[in-house]
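These are the residues of each chain, in order.
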Amino acid sequence: MSRSVWPTCFEKSHPDRRGADIPALDVPVKENLLPAELLDDAPPALPEMSEREVMRHYTGLSRRNHGVDNGFYPLGSCTMKYNPRMNEVVSAWFGGLHPLADARDAQGALRLTYDLERALCEITGMDAVSLQPAAGAHGELTGLMLIRAYHARRGELAKRTKILVPDSAHGTNPASAAMAGFEVVEVPSGADGGVDLDALRAACGEDTAGLMLTNPNTLGLFETNILTIADIVHNAGGFVYYDGANLNAVMGIARPGDMGFDVVHLNLHKTFATPHGGGGPGSGPVGCKARLAEFLPAPVVVKREGGYALDADRPFSIGKVKSFYGNFGVCVRAYAYILSLGGEGLKEASEAAVLNANYIMHKLRGAYKVAADRPCMHEFVLSTENIPGLTANDVAKGLIDRGIHPPTIYFPLIVREAMMVEPTETEPPEVLDAFCDAMVELKALHEANPGALGEFPLTTPVGRPDQTLAARKPKVVG
Ligand SMILES: *Cc1c(COP(=O)(O)O)cnc(C)c1O
(Lines give C-alpha, C1' and ligand atoms only; values in the text may rest on other atoms or scores of the structure.)
Protein backbone atom coordinates (compact mmCIF):
# COMPACT_ATOMS: atom_id res chain seq x y z
CA MET A 1 0.00 0.00 0.00
CA SER A 2 1.51 3.33 -0.94
CA ARG A 3 1.09 6.46 1.11
CA SER A 4 -2.04 8.28 0.03
CA VAL A 5 -4.49 10.26 2.04
CA TRP A 6 -8.02 8.91 2.18
CA PRO A 7 -10.44 11.79 1.59
CA THR A 8 -13.26 12.13 4.09
CA CYS A 9 -16.83 11.54 2.97
CA PHE A 10 -17.33 15.31 3.28
CA GLU A 11 -14.65 15.84 0.66
CA LYS A 12 -16.26 13.22 -1.57
CA SER A 13 -19.68 14.85 -1.30
CA HIS A 14 -21.47 16.02 -4.48
CA PRO A 15 -24.44 18.38 -4.20
CA ASP A 16 -27.77 16.59 -4.61
CA ARG A 17 -26.30 13.11 -4.97
CA ARG A 18 -28.55 10.68 -3.09
CA GLY A 19 -28.31 7.21 -1.62
CA ALA A 20 -32.06 6.69 -1.70
CA ASP A 21 -35.08 8.46 -3.13
CA ILE A 22 -37.89 8.91 -0.66
CA PRO A 23 -41.35 9.46 -2.22
CA ALA A 24 -42.81 12.95 -1.78
CA LEU A 25 -45.10 13.35 1.22
CA ASP A 26 -48.73 12.63 0.24
CA VAL A 27 -50.35 13.19 3.63
CA PRO A 28 -51.05 16.53 5.33
CA VAL A 29 -48.18 17.90 7.41
CA LYS A 30 -49.12 18.41 11.04
CA GLU A 31 -48.11 21.92 11.98
CA ASN A 32 -46.11 22.70 15.13
CA LEU A 33 -45.38 19.04 15.82
CA LEU A 34 -42.12 20.12 17.48
CA PRO A 35 -41.50 23.37 19.36
CA ALA A 36 -40.02 25.97 16.99
CA GLU A 37 -36.97 26.54 19.18
CA LEU A 38 -35.93 22.91 18.69
CA LEU A 39 -35.91 23.21 14.90
CA ASP A 40 -32.88 24.18 12.85
CA ASP A 41 -33.15 26.85 10.16
CA ALA A 42 -31.19 24.83 7.62
CA PRO A 43 -30.74 21.07 7.04
CA PRO A 44 -27.63 19.52 8.63
CA ALA A 45 -24.44 19.65 6.54
CA LEU A 46 -24.26 15.94 5.73
CA PRO A 47 -22.19 14.49 2.90
CA GLU A 48 -24.22 13.79 -0.23
CA MET A 49 -23.22 10.47 -1.73
CA SER A 50 -24.68 7.51 -3.58
CA GLU A 51 -25.00 4.16 -1.86
CA ARG A 52 -22.13 2.73 -3.92
CA GLU A 53 -19.85 5.61 -2.91
CA VAL A 54 -20.68 5.15 0.76
CA MET A 55 -20.02 1.42 0.46
CA ARG A 56 -16.62 1.94 -1.19
CA HIS A 57 -15.71 4.68 1.24
CA TYR A 58 -16.21 2.56 4.36
CA THR A 59 -14.95 -0.69 2.87
CA GLY A 60 -11.79 1.16 1.83
CA LEU A 61 -11.40 2.62 5.29
CA SER A 62 -11.86 -0.77 6.94
CA ARG A 63 -9.10 -2.22 4.74
CA ARG A 64 -6.72 0.41 6.06
CA ASN A 65 -7.48 -0.61 9.61
CA HIS A 66 -5.62 -3.32 11.47
CA GLY A 67 -7.54 -5.81 13.55
CA VAL A 68 -7.29 -9.34 14.93
CA ASP A 69 -9.05 -10.52 11.78
CA ASN A 70 -6.26 -9.43 9.46
CA GLY A 71 -3.07 -9.68 11.46
CA PHE A 72 -1.13 -10.26 14.66
CA TYR A 73 -2.11 -7.84 17.44
CA PRO A 74 0.18 -8.37 20.48
CA LEU A 75 -1.05 -5.28 22.33
CA GLY A 76 -0.01 -5.90 25.94
CA SER A 77 -2.69 -5.80 28.62
CA CYS A 78 -5.45 -5.64 26.00
CA THR A 79 -5.84 -9.38 25.23
CA MET A 80 -6.60 -9.00 21.54
CA LYS A 81 -7.63 -12.60 21.01
CA TYR A 82 -9.48 -13.99 18.02
CA ASN A 83 -13.25 -13.71 18.46
CA PRO A 84 -15.08 -16.88 17.48
CA ARG A 85 -17.91 -15.99 15.06
CA MET A 86 -20.33 -18.29 16.81
CA ASN A 87 -20.47 -15.75 19.67
CA GLU A 88 -21.63 -13.10 17.20
CA VAL A 89 -24.41 -15.35 15.92
CA VAL A 90 -25.60 -16.14 19.44
CA SER A 91 -25.48 -12.47 20.44
CA ALA A 92 -27.60 -11.54 17.41
CA TRP A 93 -30.35 -13.93 18.58
CA PHE A 94 -31.12 -11.43 21.32
CA GLY A 95 -31.10 -8.43 18.97
CA GLY A 96 -34.89 -8.16 18.89
CA LEU A 97 -35.35 -8.04 22.65
CA HIS A 98 -36.37 -4.61 23.95
CA PRO A 99 -34.64 -3.58 27.17
CA LEU A 100 -37.98 -2.47 28.59
CA ALA A 101 -39.65 -5.82 27.84
CA ASP A 102 -41.60 -7.26 30.73
CA ALA A 103 -39.61 -9.77 32.79
CA ARG A 104 -42.13 -12.49 31.81
CA ASP A 105 -41.22 -11.96 28.15
CA ALA A 106 -37.47 -11.86 28.78
CA GLN A 107 -36.95 -15.05 30.78
CA GLY A 108 -34.17 -16.25 28.46
CA ALA A 109 -32.18 -13.03 28.84
CA LEU A 110 -32.70 -13.00 32.61
CA ARG A 111 -31.61 -16.61 32.91
CA LEU A 112 -28.53 -15.87 30.81
CA THR A 113 -27.70 -12.93 33.10
CA TYR A 114 -28.19 -15.08 36.18
CA ASP A 115 -26.16 -18.00 34.83
CA LEU A 116 -23.35 -15.76 33.56
CA GLU A 117 -23.12 -14.14 37.00
CA ARG A 118 -22.84 -17.61 38.57
CA ALA A 119 -20.18 -18.66 36.03
CA LEU A 120 -18.13 -15.52 36.75
CA CYS A 121 -18.45 -16.18 40.50
CA GLU A 122 -17.10 -19.66 39.90
CA ILE A 123 -14.21 -18.42 37.74
CA THR A 124 -13.19 -15.62 40.14
CA GLY A 125 -14.05 -17.17 43.52
CA MET A 126 -16.45 -14.34 44.37
CA ASP A 127 -19.90 -14.66 45.98
CA ALA A 128 -21.88 -12.18 43.85
CA VAL A 129 -21.46 -10.40 40.52
CA SER A 130 -23.12 -7.46 38.74
CA LEU A 131 -22.94 -7.23 34.95
CA GLN A 132 -23.86 -3.54 34.85
CA PRO A 133 -20.51 -1.73 34.40
CA ALA A 134 -19.76 -0.92 30.76
CA ALA A 135 -15.98 -1.55 30.79
CA GLY A 136 -13.02 -2.22 33.02
CA ALA A 137 -12.53 1.35 34.19
CA HIS A 138 -16.25 1.61 34.94
CA GLY A 139 -15.98 -1.64 36.91
CA GLU A 140 -13.12 -0.13 38.92
CA LEU A 141 -15.26 2.86 39.85
CA THR A 142 -18.17 0.59 40.75
CA GLY A 143 -15.97 -1.71 42.85
CA LEU A 144 -14.48 1.25 44.72
CA MET A 145 -17.98 2.57 45.35
CA LEU A 146 -18.79 -0.75 47.05
CA ILE A 147 -15.74 -0.31 49.30
CA ARG A 148 -16.78 3.26 49.98
CA ALA A 149 -20.35 2.21 50.81
CA TYR A 150 -19.05 -0.43 53.24
CA HIS A 151 -16.81 2.00 55.12
CA ALA A 152 -19.58 4.62 55.11
CA ARG A 153 -22.09 2.19 56.59
CA ARG A 154 -19.69 1.44 59.42
CA GLY A 155 -19.12 5.13 60.00
CA GLU A 156 -15.48 4.88 58.99
CA LEU A 157 -15.48 6.81 55.74
CA ALA A 158 -14.16 10.02 57.29
CA LYS A 159 -11.17 8.03 58.52
CA ARG A 160 -10.56 5.60 55.62
CA THR A 161 -9.66 8.00 52.85
CA LYS A 162 -6.78 6.31 51.06
CA ILE A 163 -6.53 3.79 48.25
CA LEU A 164 -3.10 2.25 47.70
CA VAL A 165 -2.03 1.69 44.09
CA PRO A 166 1.28 0.09 43.01
CA ASP A 167 3.47 2.15 40.66
CA SER A 168 3.09 -0.54 37.97
CA ALA A 169 -0.70 -0.07 37.85
CA HIS A 170 -2.76 0.82 34.81
CA GLY A 171 -3.58 4.54 34.72
CA THR A 172 -7.27 3.85 35.19
CA ASN A 173 -6.63 2.57 38.76
CA PRO A 174 -5.56 5.88 40.34
CA ALA A 175 -8.08 7.73 38.15
CA SER A 176 -10.96 5.55 39.36
CA ALA A 177 -9.86 5.84 42.98
CA ALA A 178 -9.80 9.63 42.67
CA MET A 179 -13.21 9.65 40.97
CA ALA A 180 -14.61 7.55 43.81
CA GLY A 181 -13.47 10.28 46.22
CA PHE A 182 -10.36 8.62 47.61
CA GLU A 183 -6.84 9.90 47.97
CA VAL A 184 -4.35 7.85 45.93
CA VAL A 185 -1.14 6.61 47.56
CA GLU A 186 1.46 5.07 45.25
CA VAL A 187 3.25 1.95 46.44
CA PRO A 188 6.67 1.29 44.83
CA SER A 189 7.68 -2.02 43.25
CA GLY A 190 10.55 -4.03 44.67
CA ALA A 191 13.58 -5.27 42.74
CA ASP A 192 11.70 -8.47 41.75
CA GLY A 193 8.96 -6.46 39.97
CA GLY A 194 6.34 -7.19 42.64
CA VAL A 195 4.90 -4.95 45.37
CA ASP A 196 7.58 -3.86 47.87
CA LEU A 197 6.26 -5.42 51.09
CA ASP A 198 8.05 -3.04 53.47
CA ALA A 199 6.74 -0.05 51.55
CA LEU A 200 3.24 -1.57 51.66
CA ARG A 201 3.44 -2.12 55.43
CA ALA A 202 4.58 1.47 55.88
CA ALA A 203 1.74 2.81 53.71
CA CYS A 204 -1.02 0.76 55.40
CA GLY A 205 -2.87 2.10 58.41
CA GLU A 206 -6.15 3.24 59.91
CA ASP A 207 -6.67 5.54 56.93
CA THR A 208 -6.46 2.68 54.38
CA ALA A 209 -9.71 2.03 52.52
CA GLY A 210 -8.14 -0.54 50.21
CA LEU A 211 -5.44 -1.62 47.76
CA MET A 212 -5.89 -2.08 43.99
CA LEU A 213 -3.78 -4.78 42.40
CA THR A 214 -3.39 -6.47 39.01
CA ASN A 215 -2.25 -10.09 39.22
CA PRO A 216 -0.32 -11.03 37.18
CA ASN A 217 0.88 -7.45 37.19
CA THR A 218 1.64 -5.27 34.19
CA LEU A 219 5.15 -6.72 33.91
CA GLY A 220 3.47 -10.08 33.30
CA LEU A 221 4.66 -11.36 36.69
CA PHE A 222 2.58 -13.27 39.19
CA GLU A 223 2.66 -11.62 42.62
CA THR A 224 4.05 -14.56 44.58
CA ASN A 225 3.52 -12.62 47.84
CA ILE A 226 -0.16 -12.11 47.16
CA LEU A 227 -1.38 -13.87 50.33
CA THR A 228 0.95 -11.75 52.49
CA ILE A 229 -0.09 -8.60 50.63
CA ALA A 230 -3.78 -9.39 51.25
CA ASP A 231 -3.07 -10.06 54.94
CA ILE A 232 -1.28 -6.74 55.39
CA VAL A 233 -4.19 -4.81 53.89
CA HIS A 234 -6.89 -6.81 55.70
CA ASN A 235 -5.12 -6.42 59.04
CA ALA A 236 -5.22 -2.67 58.52
CA GLY A 237 -8.99 -2.91 57.92
CA GLY A 238 -8.84 -2.33 54.15
CA PHE A 239 -10.15 -4.25 51.15
CA VAL A 240 -8.10 -5.78 48.34
CA TYR A 241 -9.32 -4.97 44.83
CA TYR A 242 -8.46 -7.15 41.82
CA ASP A 243 -8.02 -5.46 38.46
CA GLY A 244 -9.02 -8.43 36.32
CA ALA A 245 -7.60 -7.20 33.01
CA ASN A 246 -4.96 -9.93 33.15
CA LEU A 247 -7.28 -12.80 34.02
CA ASN A 248 -6.40 -14.42 30.70
CA ALA A 249 -3.23 -15.70 32.39
CA VAL A 250 -4.93 -17.63 35.19
CA MET A 251 -8.46 -18.67 34.18
CA GLY A 252 -9.29 -22.07 35.58
CA ILE A 253 -5.92 -22.21 37.35
CA ALA A 254 -6.03 -19.64 40.16
CA ARG A 255 -8.94 -17.55 41.49
CA PRO A 256 -8.68 -14.01 42.86
CA GLY A 257 -11.16 -15.03 45.59
CA ASP A 258 -8.69 -17.65 46.82
CA MET A 259 -5.79 -15.16 46.71
CA GLY A 260 -7.44 -12.89 49.27
CA PHE A 261 -9.16 -10.42 46.95
CA ASP A 262 -12.52 -9.00 48.07
CA VAL A 263 -13.64 -7.19 44.91
CA VAL A 264 -12.83 -7.83 41.25
CA HIS A 265 -13.68 -6.42 37.89
CA LEU A 266 -13.39 -8.44 34.71
CA ASN A 267 -12.98 -7.15 31.19
CA LEU A 268 -15.30 -9.45 29.26
CA HIS A 269 -14.09 -7.81 26.03
CA LYS A 270 -10.55 -8.94 26.81
CA THR A 271 -10.62 -12.32 28.53
CA PHE A 272 -13.94 -13.57 27.18
CA ALA A 273 -13.62 -12.60 23.50
CA THR A 274 -15.55 -9.64 22.18
CA PRO A 275 -14.23 -7.54 19.30
CA HIS A 276 -12.68 -4.44 20.84
CA GLY A 277 -10.03 -1.88 20.13
CA GLY A 278 -12.28 0.56 18.29
CA GLY A 279 -13.66 1.93 21.52
CA GLY A 280 -16.31 -0.55 22.53
CA PRO A 281 -18.78 -1.69 23.52
CA GLY A 282 -17.14 -3.52 26.36
CA SER A 283 -18.34 -4.99 29.62
CA GLY A 284 -16.72 -4.77 33.04
CA PRO A 285 -18.65 -6.94 35.52
CA VAL A 286 -17.86 -6.46 39.19
CA GLY A 287 -17.74 -9.32 41.63
CA CYS A 288 -17.37 -9.23 45.39
CA LYS A 289 -17.29 -11.28 48.55
CA ALA A 290 -20.52 -11.74 50.54
CA ARG A 291 -19.91 -8.90 52.99
CA LEU A 292 -19.95 -6.38 50.11
CA ALA A 293 -22.79 -7.95 48.10
CA GLU A 294 -25.62 -5.84 49.56
CA PHE A 295 -23.99 -2.74 48.03
CA LEU A 296 -23.90 -4.06 44.44
CA PRO A 297 -25.75 -2.06 41.76
CA ALA A 298 -29.50 -2.66 41.60
CA PRO A 299 -31.62 -4.15 40.21
CA VAL A 300 -30.27 -7.68 40.42
CA VAL A 301 -31.62 -10.77 38.70
CA VAL A 302 -33.09 -13.26 41.16
CA LYS A 303 -34.39 -16.78 40.66
CA ARG A 304 -37.84 -17.29 42.15
CA GLU A 305 -40.43 -20.03 42.13
CA GLY A 306 -42.15 -18.90 38.92
CA GLY A 307 -39.01 -17.87 37.05
CA TYR A 308 -36.43 -15.11 36.94
CA ALA A 309 -37.15 -11.57 38.07
CA LEU A 310 -35.45 -8.21 38.51
CA ASP A 311 -35.21 -7.22 42.15
CA ALA A 312 -34.78 -3.50 42.79
CA ASP A 313 -35.51 -3.72 46.52
CA ARG A 314 -31.93 -3.30 47.69
CA PRO A 315 -31.82 -0.67 50.43
CA PHE A 316 -28.01 -0.53 50.65
CA SER A 317 -27.26 -0.70 46.91
CA ILE A 318 -25.05 2.02 45.43
CA GLY A 319 -27.83 2.25 42.78
CA LYS A 320 -27.67 1.91 39.04
CA VAL A 321 -24.34 2.52 37.30
CA LYS A 322 -25.55 1.91 33.74
CA SER A 323 -28.79 2.23 31.83
CA PHE A 324 -30.71 -1.04 31.78
CA TYR A 325 -28.52 -4.04 32.71
CA GLY A 326 -25.14 -3.43 31.15
CA ASN A 327 -23.93 -4.03 27.60
CA PHE A 328 -25.99 -7.15 27.18
CA GLY A 329 -24.65 -8.15 23.74
CA VAL A 330 -21.13 -8.42 25.18
CA CYS A 331 -22.44 -10.53 28.07
CA VAL A 332 -24.09 -12.90 25.60
CA ARG A 333 -20.79 -13.32 23.73
CA ALA A 334 -18.97 -14.05 27.00
CA TYR A 335 -21.64 -16.58 28.00
CA ALA A 336 -21.36 -18.36 24.63
CA TYR A 337 -17.57 -18.30 24.93
CA ILE A 338 -17.56 -19.77 28.44
CA LEU A 339 -20.07 -22.51 27.58
CA SER A 340 -18.34 -23.46 24.33
CA LEU A 341 -14.91 -23.77 25.98
CA GLY A 342 -16.09 -25.24 29.27
CA GLY A 343 -14.01 -25.19 32.45
CA GLU A 344 -11.26 -27.32 30.92
CA GLY A 345 -11.17 -25.20 27.77
CA LEU A 346 -10.80 -21.95 29.70
CA LYS A 347 -7.87 -23.44 31.56
CA GLU A 348 -6.27 -24.58 28.30
CA ALA A 349 -6.73 -21.09 26.86
CA SER A 350 -4.79 -19.57 29.75
CA GLU A 351 -2.08 -22.23 29.55
CA ALA A 352 -1.59 -21.60 25.83
CA ALA A 353 -1.55 -17.81 26.38
CA VAL A 354 1.24 -18.21 28.95
CA LEU A 355 3.15 -20.67 26.71
CA ASN A 356 2.97 -18.33 23.70
CA ALA A 357 4.26 -15.38 25.74
CA ASN A 358 7.17 -17.36 27.15
CA TYR A 359 8.02 -18.68 23.66
CA ILE A 360 8.41 -15.15 22.27
CA MET A 361 10.23 -13.90 25.36
CA HIS A 362 12.82 -16.63 25.04
CA LYS A 363 13.34 -16.02 21.33
CA LEU A 364 13.82 -12.26 21.83
CA ARG A 365 15.74 -12.02 25.09
CA GLY A 366 19.06 -12.09 23.23
CA ALA A 367 18.10 -9.15 21.03
CA TYR A 368 16.21 -6.93 23.46
CA LYS A 369 16.39 -6.32 27.17
CA VAL A 370 13.71 -8.16 29.14
CA ALA A 371 12.32 -6.03 31.98
CA ALA A 372 12.08 -9.01 34.36
CA ASP A 373 14.14 -11.95 33.17
CA ARG A 374 12.19 -14.82 34.66
CA PRO A 375 9.32 -16.93 33.35
CA CYS A 376 6.37 -14.67 32.55
CA MET A 377 2.65 -15.19 32.57
CA HIS A 378 0.56 -14.25 29.50
CA GLU A 379 2.64 -11.17 28.65
CA PHE A 380 6.06 -9.65 29.27
CA VAL A 381 7.88 -6.36 28.82
CA LEU A 382 10.85 -5.76 26.52
CA SER A 383 12.95 -2.61 26.31
CA THR A 384 15.24 -1.04 23.70
CA GLU A 385 17.33 0.43 26.53
CA ASN A 386 20.22 -1.93 25.66
CA ILE A 387 20.38 -0.66 22.06
CA PRO A 388 21.87 2.85 21.81
CA GLY A 389 19.76 5.23 19.74
CA LEU A 390 16.83 2.85 19.24
CA THR A 391 13.47 3.78 20.76
CA ALA A 392 10.37 1.67 21.42
CA ASN A 393 8.51 4.10 19.19
CA ASP A 394 10.84 3.33 16.23
CA VAL A 395 10.33 -0.40 16.65
CA ALA A 396 6.56 0.08 16.84
CA LYS A 397 6.48 2.08 13.61
CA GLY A 398 8.65 -0.51 11.85
CA LEU A 399 6.30 -3.31 12.89
CA ILE A 400 3.37 -1.49 11.31
CA ASP A 401 5.12 -1.68 7.91
CA ARG A 402 5.49 -5.44 8.44
CA GLY A 403 1.74 -5.94 8.91
CA ILE A 404 1.95 -6.36 12.69
CA HIS A 405 0.18 -4.24 15.27
CA PRO A 406 2.81 -2.87 17.68
CA PRO A 407 2.93 -4.05 21.28
CA THR A 408 1.81 -1.57 23.94
CA ILE A 409 4.68 0.93 24.23
CA TYR A 410 5.83 3.20 27.07
CA PHE A 411 3.73 1.22 29.56
CA PRO A 412 4.19 0.21 32.32
CA LEU A 413 5.73 3.55 33.27
CA ILE A 414 8.36 1.91 35.50
CA VAL A 415 10.24 0.49 32.47
CA ARG A 416 12.11 2.84 30.13
CA GLU A 417 11.43 2.35 26.39
CA ALA A 418 8.92 -0.35 27.30
CA MET A 419 7.27 -2.71 24.80
CA MET A 420 4.62 -4.88 26.40
CA VAL A 421 3.95 -7.99 24.36
CA GLU A 422 0.80 -10.13 24.76
CA PRO A 423 0.40 -12.70 21.98
CA THR A 424 -2.74 -14.45 23.38
CA GLU A 425 -3.54 -18.13 22.99
CA THR A 426 -5.13 -17.79 19.56
CA GLU A 427 -1.90 -17.51 17.51
CA PRO A 428 -0.02 -20.46 15.98
CA PRO A 429 3.80 -20.82 16.16
CA GLU A 430 4.47 -19.45 12.65
CA VAL A 431 2.80 -16.13 13.55
CA LEU A 432 4.89 -15.88 16.72
CA ASP A 433 8.04 -16.70 14.70
CA ALA A 434 7.22 -14.04 12.10
CA PHE A 435 6.89 -11.47 14.89
CA CYS A 436 10.24 -12.48 16.40
CA ASP A 437 11.88 -12.30 12.96
CA ALA A 438 10.49 -8.79 12.41
CA MET A 439 11.74 -7.64 15.82
CA VAL A 440 15.24 -8.99 15.15
CA GLU A 441 15.26 -7.54 11.62
CA LEU A 442 14.35 -4.07 12.92
CA LYS A 443 17.16 -4.15 15.44
CA ALA A 444 19.62 -5.22 12.71
CA LEU A 445 18.40 -2.44 10.39
CA HIS A 446 19.04 0.09 13.12
CA GLU A 447 22.49 -1.26 13.89
CA ALA A 448 23.50 -1.26 10.20
CA ASN A 449 22.15 2.24 9.71
CA PRO A 450 21.26 4.22 12.83
CA GLY A 451 18.28 6.40 12.02
CA ALA A 452 16.97 3.96 9.39
CA LEU A 453 13.83 3.38 11.44
CA GLY A 454 13.09 7.08 11.73
CA GLU A 455 11.29 7.00 8.37
CA PHE A 456 8.87 4.23 9.33
CA PRO A 457 6.01 3.65 8.75
CA LEU A 458 6.17 3.98 4.99
CA THR A 459 3.03 2.02 4.10
CA THR A 460 0.33 3.93 5.98
CA PRO A 461 -1.78 6.89 4.83
CA VAL A 462 -0.19 9.00 7.56
CA GLY A 463 3.44 8.64 8.71
CA ARG A 464 4.39 10.12 12.04
CA PRO A 465 1.93 12.75 13.16
CA ASP A 466 2.56 15.02 16.13
CA GLN A 467 1.19 12.50 18.64
CA THR A 468 0.10 15.01 21.25
CA LEU A 469 -1.66 17.17 18.69
CA ALA A 470 -3.26 14.13 17.04
CA ALA A 471 -4.66 12.99 20.39
CA ARG A 472 -5.80 16.42 21.55
CA LYS A 473 -7.03 17.82 18.25
CA PRO A 474 -7.84 14.88 15.98
CA LYS A 475 -8.64 15.96 12.45
CA VAL A 476 -11.77 13.92 11.86
CA VAL A 477 -13.36 16.20 9.26
CA GLY A 478 -11.45 17.20 6.10
C1 LIG B 1 -7.63 -2.49 29.91
C2 LIG B 1 -7.22 -2.30 31.31
C3 LIG B 1 -8.00 -1.54 32.20
C4 LIG B 1 -9.21 -0.72 31.77
O5 LIG B 1 -10.20 -1.49 31.15
P6 LIG B 1 -11.18 -0.87 30.05
O7 LIG B 1 -12.08 -2.00 29.75
O8 LIG B 1 -10.33 -0.46 28.89
O9 LIG B 1 -11.88 0.30 30.68
C10 LIG B 1 -7.61 -1.49 33.53
N11 LIG B 1 -6.50 -2.11 33.95
C12 LIG B 1 -5.71 -2.83 33.11
C13 LIG B 1 -4.49 -3.50 33.66
C14 LIG B 1 -6.04 -2.93 31.77
O15 LIG B 1 -5.25 -3.62 30.93
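Above this note sits the structure.
Cut-off values and rules
- Residues numbered from 1 in each chain as written.
- Predicted model: local features only at pLDDT ≥ 70, side-chain atom pairs only at ≥ 80, totals over all residues.
- Heavy atoms only, no water.
- Salt bridge = Lys/Arg side-chain N within 4 Å of Asp/Glu carboxyl O.
- Buried < 20%, exposed > 50% of the residue type's maximum accessible area, 1.4 Å probe, protein only.
- Helix = DSSP H or I, 4+ residues; strand = E, 2+ residues; numbered from the N terminus.
- Near = heavy atom within 4 Å.
- Polar contact = N/O pair within 3.5 Å; in protein donor to acceptor, adjacent residues only side chain to side chain.
- Areas by Shrake-Rupley, 256 points an atom, 1.4 Å probe, with all protein chains shown as cover.
- Expected span 1.5 Å × (residues − 1).

S.K.: For this particular structure, what's the right way to read the pattern of salt bridges?
M.R.: Side-chain pairs of opposite charge can arise where the charged atoms are in close proximity. Across all of its chains, the model carries 23 salt bridges by this definition. Here Lys 159 and Glu 156 are joined by a salt bridge, their closest N and O atoms 3.9 Å apart. With relative accessibility at 33%, the residue Lys 159 sits in the partly exposed group. Under the relative-accessibility criterion, Glu 156 is labelled buried at 18%. One salt bridge connects Glu 441 with Arg 402, and the closest N-O pair in it is separated by 3.0 Å. Highlighted residues: Glu 441 in helix α12 (residues 429–448) and Arg 402 in the loop between α11 (392–401) and β12 (408–409), separated in sequence by 39 residues.

S.K.: In this structure, what is going on with the site of the ligand? I would like to understand it.
M.R.: Close to the ligand lie Ser 77, Ala 135, Gly 136, Ala 137, Glu 140, His 170, Thr 172, Asp 243, Ala 245, Asn 267, His 269 and Lys 270, which account for all nearby residues. For the ligand, an oxygen atom lies 2.9 Å from a polar atom in the side chain of Asn 267. Between His 269 and the ligand, the recorded distance is 2.7 Å, taken from a side-chain N or O atom to an oxygen atom. Coverage of the ligand by the protein amounts to 87% of the 380 Å² it exposes when considered alone. The set of elements that each furnish at least two residues to the shell around the ligand consists of α4 (136–153) and α8 (268–271).

S.K.: Explain α4 here, please?
M.R.: Given 3.6 residues per helical turn, the α-helix brings residues three or four places apart onto the same face. In a regular helix each residue adds 1.5 Å, so 18 residues correspond to 26 Å; α4 covers 26 Å between its end C-alpha atoms and thus fits that length. Burial in α4 covers these residues: Gly 136, Gly 139, Glu 140, Leu 141, Thr 142, Gly 143, Leu 144, Leu 146, Ile 147, Ala 149, Tyr 150 and His 151.

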